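Now for the letters of each chain:
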Number of protein chains: 2
Amino acid sequence: MMEVDFDCCSFFKAVADPNRVKIMMLLARRELSVSEICAHFKMKQPSISHHLGVLKNARIVESRKEGKEVFYRLNACCVSSCCSGFMKRFAGGGEGA
Amino acid sequence: MMEVDFDCCSFFKAVADPNRVKIMMLLARRELSVSEICAHFKMKQPSISHHLGVLKNARIVESRKEGKEVFYRLNACCVSSCCSGFMKRFAGGGEGA
DNA sequence: CTATAATATAGACAGAAATCAATATGATGG
DNA sequence: CCATCATATTGATTTCTGTCTATATTATAG
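Residues numbered from 1 in each chain as written. Chains lettered and ligands numbered in written order. Predicted model: local features only at pLDDT ≥ 70, side-chain atom pairs only at ≥ 80, totals over all residues. Heavy atoms only, no water.

A. Local environment of the protein's contact with DNA strand D. Lining the immediate surroundings of DNA strand D are 23 residues, of which Gln-45, Ser-49 and Tyr-72 of chain A together with Lys-13 and His-51 of chain B lie closest. In this structure, Gln-45 of chain A approaches DNA strand D through a side-chain N or O atom, which is 2.8 Å from a base nitrogen. Ser-49 of chain A places a polar side-chain atom, nitrogen or oxygen, 2.6 Å from a phosphate oxygen of DNA strand D. Residue assignment for the surface near DNA strand D shows that the elements contributing at least two residues are α3 (34–38), α4 (45–57) and β3 (69–74) of chain A together with α2 (18–29) and α4 (45–57) of chain B. The element contributing the most residues to the surface near DNA strand D is α4 of chain B, with four residues. Grouping the constituent residues of the surface near DNA strand D by class yields six nonpolar, nine polar and eight charged. (Near = heavy atom within 4 Å. Polar contact = N/O pair within 3.5 Å; in protein donor to acceptor, adjacent residues only side chain to side chain. Helix = DSSP H or I, 4+ residues; strand = E, 2+ residues; numbered from the N terminus. Nonpolar A, V, L, I, M, F, W, Y, C, P; charged D, E, K, R; others polar.)

Written as structure tokens, this is what we have:
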């Protein structure tokens, strides 16, 4: 009962990278294909695929294949559930600024 | 307006390590000195100090010196504010499990 | 002032992670 | 079947991170 929730750790590890957060912000608006995501970055396509893989392992995004393309979308429930679950562990400070 | 919040990134990077989360859980109950924290880990004291430094830089913990000892306490407001701020960015999925 | 206790800092090292170039896979058009 | 486009995977390289040992700092006791 004093142990750490490793599921949440994979969520936080995924979210600890600014490029991945930027991808999440793009996907928060609408579903996008990999190449559409690439268009927003200087990074090369394999790096984007790598980050998408990390996000997908953490259940933060989901994907759908359509012809040659793969569309990614945000799993907003995962974000809410991990964040609110984490907050609740440390309740007592109330709502921050 | 499409840029990433780097303050929150330092929070998430800090929280992405299981040992640091465990420290946070210990401090959620009560203020503790460094050696009291050490007693809960197999890690050596300098590693604990390192983690405490990371948590402190991220404003997740605060410290107070008393004699030879340094007491750390959780800044629960920081946790709530970062988590809830992050959730709100990705609102739309509602409350998760 | 010296010894000791508590904590922090510095430096070294190993393992993890990010990026890239190159290539493989899979779908589609001709 | 062959060429092409979109994406994923592999392998190499570099950078970052966590841990350790050794040492410095700070406070207190004697």
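B. Structural context of the packing of aromatic side chains. Per the counting criterion, the structure on display carries seven aromatic pairs over all chains. Relative to Phe-12 of chain B, the ring of Phe-12 of chain A has its centre 5.6 Å away and its plane inclined at 25°; by these criteria the two rings are stacked. Here Phe-12 of chain A, found in helix α1 (residues 6–15), pairs with Phe-12 of chain B, found in helix α1 (residues 6–15), and the two come from separate chains. By relative accessible area, Phe-12 of chain A is classed as buried at 1%. Ring geometry for Phe-86 of chain A versus Phe-90 of chain A: centroids 5.0 Å apart, planes at 65°, classification edge-to-face. (Phe/Tyr/Trp six-rings, centres within 6.5 Å; stacked < 30°, edge-to-face > 60°. Buried < 20%, exposed > 50% of the residue type's maximum accessible area, 1.4 Å probe, protein only.)

C. The sheet that holds strand β1 (residues 32–33) of chain B, seen in detail. Residue and element names in this part refer to chain B. Strand order in the open sheet formed by three strands is β1-β3-β2, with antiparallel pairing between adjacent strands. The open sheet terminates on both sides in strands that have one partner only, identified here as β1 and β2 (61–66). The sheet contact formed by β1 and strand β3 (residues 69–74) spans two bridges and is antiparallel. Bridging across to β3, Ser-33 finds its partner in Phe-71. Sheet strands touched by α2: β1, β2 and β3. Its angle to β3, the strand with the most contacts, is close to 90°. (Pairing = 2+ DSSP bridges. Contact = heavy atoms within 4.5 Å. Axes fitted to C-alpha atoms, helices over the stretch in contact; angles between N-to-C directions.)

D. Highlighting α4 of chain B. Residues and elements named next belong to chain B. The end-to-end C-alpha distance of α4 is 18 Å, a good match for the 18 Å that 13 residues give at a rise of 1.5 Å each. When α4 is considered as a whole, its buried residues turn out to be Ile-48, His-51, Leu-52 and Leu-55. End-on view of α4: buried residues confined to an arc of 100°, all on one side of the axis. Residues Pro-46 and Asn-57 are exposed on α4 and point more than 90 degrees away from its buried face. One or two steps after α4, the chain reaches Arg-59, where phi turns positive at roughly 65°. (Expected span 1.5 Å × (residues − 1). Arc of directions from axis to C-beta.)

E. Quick look at the sheet that holds strand β2 (residues 61–66) of chain A. All names here are of chain A. The sheet built from three strands is open, its strands ordered β1-β3-β2 with antiparallel pairing. Strand pairing shows two members of the sheet lacking a second neighbour, β1 (32–33) and β2, which therefore form its edges. Bridge count between β2 and β3: six bridges; the pairing is antiparallel. Looking at the pairing, Val-61 lines up with Leu-74 of β3. Sitting on the sheet, α4 touches β2 and β3, and the angle it makes with β2 is about 120°.

F. A look at unusual backbone geometry. Although it is not a glycine, Arg-59 of chain A adopts a positive phi angle of roughly 65°. Along the chain, Arg-59 of chain A turns up in the loop between α4 and β2.

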